[in-house]
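Residue-level structural notes
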Amino acid sequence: MTYKTYNCNAYTIHTIKTDKFKTCHMEIIFRKPVVREEVCKDSLLADVLMETSQKYPLRKDVMLHLEDLYKMGMWAVVNRVGNVINTDFVIDFIAPEYINEKNYLEEALTMPFEMIENPNVINDEFASLPFKLCQKRAILDAKSIEEDALRLSVTKTLETLGSDSPTSLRVSGTEAEIKKITPNSLYKHYQKLYKDHDCDIFLIGNLDMDAAVEIIKKHFHKRVINKQELVIDVTNPIRKKVLETREKSEFLQTNLNVLFNLQNLSEYERDIVFNIYNYILGSGGLTSKLYQEIREKNSYCYAINSMYLKH
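What counts, and at which threshold
- Residues numbered from 1 in each chain as written.
- Predicted model: local features only at pLDDT ≥ 70, side-chain atom pairs only at ≥ 80, totals over all residues.
- Heavy atoms only, no water.
- Phe/Tyr/Trp six-rings, centres within 6.5 Å; stacked < 30°, edge-to-face > 60°.
- Helix = DSSP H or I, 4+ residues; strand = E, 2+ residues; numbered from the N terminus.
- Buried < 20%, exposed > 50% of the residue type's maximum accessible area, 1.4 Å probe, protein only.
- Arc of directions from axis to C-beta.
- Core = buried A, V, L, I, M, F, W, Y, C linked by side-chain atoms within 4.5 Å.
- Contact = heavy atoms within 4.5 Å.
- Patch = residues over 30% accessible without salt bridge, like charges linked within 9 Å, V, L, I, M, F, W, Y side chains within 5 Å.
- Areas by Shrake-Rupley, 256 points an atom, 1.4 Å probe, with all protein chains shown as cover.
- Salt bridge = Lys/Arg side-chain N within 4 Å of Asp/Glu carboxyl O.

All right, on to the packing of aromatic side chains then. For the structure shown, the criterion picks out 13 aromatic pairs. Seen from their ring centres, F93 and Y104 are 6.4 Å apart, and the 65 degrees between their planes marks the pair as edge-to-face. You can see F93 sitting in strand β5 (residues 84-94) and its partner Y104 sitting in helix α3 (residues 104-117), a full 11 residues away along the chain. Considered together, F93 and Y104 belong to a single accessibility category, that of buried residues.

Dropping the structure here:
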């Protein structure tokens, strides 16, 4: 396994050459500080960009081309890590050594940049049909939280940290927020993608990495160099007494959530010790202390676990 980085000024390419897998994997990751008013747009934009493009104006066209590339996988995901929003465009494709086609690697690596750089835009707004399909999907996803007792309880618990805390944000947005977005406002948001974000590209597989990097540089035209300092860790306010909230619902089961805001951890405690502690406490499945004491020995609940949000 060989790790190498390529400084391309406006972005950095990280390559890991390995023959361990028969597939290759590439991620194009855009990062920026959390902006509460834009998080919902970030999520919808990623979905819209992967839906269609100028070259592939219908979703059917996209899927047919992915089939031509031996069923290459391509998708986007937006997530929040502490105080940073990541917009991640991903492809998985068969290693070129198994494909007897001269331009296969370039076709595969070019595909996500075609979608990102040549969106399906007409008169300064995203094409209506694919936009509405993605917007409808986003609304259904937002509604699904309200229909899942566990997801809803965790979401509501994090929201008790207050509207000023990035930790309380719903990355997918609410139904009302999604409905406010228009094809034109989303296109204006897209125009800030290269300007506002840092960018890193990760490429893993058994490839001629120098040749692959040249292909990426040929098709990726990000020219804005961002020098912003991304501060990942969120500092939530300290409460002097316990805050208790209760909410009635129509669910048949009850969910109890207890949220602790950790203070003054050293780097070693945060990165190593607390991960191990959390595994022992509740994330270790059937062997965890919470599960053994509360579920097995006392039968107080159906399930119990803990999760650690490091940042």
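Right, let's talk about helix α2 (residues 59-68) for a bit. Looking at α2, one finds that the buried residues are V62, H65 and L66. Summarising the axial view, the buried residues of α2 lie within an arc of 100 degrees, below the 170-degree limit, and thus occupy one face. Exposed side of α2, more than 90 degrees from the buried face: K60 and D68 are the residues found there. Looking one or two places after α2, you find Y70, whose phi comes out positive at around 60 degrees.

Turning our attention to the nonpolar core. By size, the foremost hydrophobic cluster in this structure holds 64 residues, and its most contacted members are F93, F126 and I201. Contact partners of F126, with chain neighbours within four places excluded, come to L45, V48, L49, P119, N120, V121, F131, P183, L186, Y187 and Y190.

Let us look at the environment of V77. On the secondary structure map, V77 appears in strand β4 (residues 73-81). Sequence spacing of V77 and T87 is 10 residues, and the spatial spacing of their C-alpha atoms is 6.1 Å. Residues contacting V77, with those up to four places away along its chain left out, are N86, T87 and D88.

Attention now goes to the side chain of T87. Positionally, T87 belongs in strand β5. Given the relative accessible area of 4%, T87 is considered buried. Discounting residues that sit within four places of it in the chain, T87 has contacts with I28, I29, F30, A46, V77 and V78.

Nonpolar side chains collect at one region of the surface, where Y268, I272, V273, I276, Y279 and I280 lie side by side and expose about 600 Å² of accessible area between them. Along the polypeptide, Y268 turns up in helix α10 (residues 267-283). Judged by relative accessible area, Y268 falls into the exposed class, the value being 56%.

Functional significance is not addressed by these values, which are geometric in nature.
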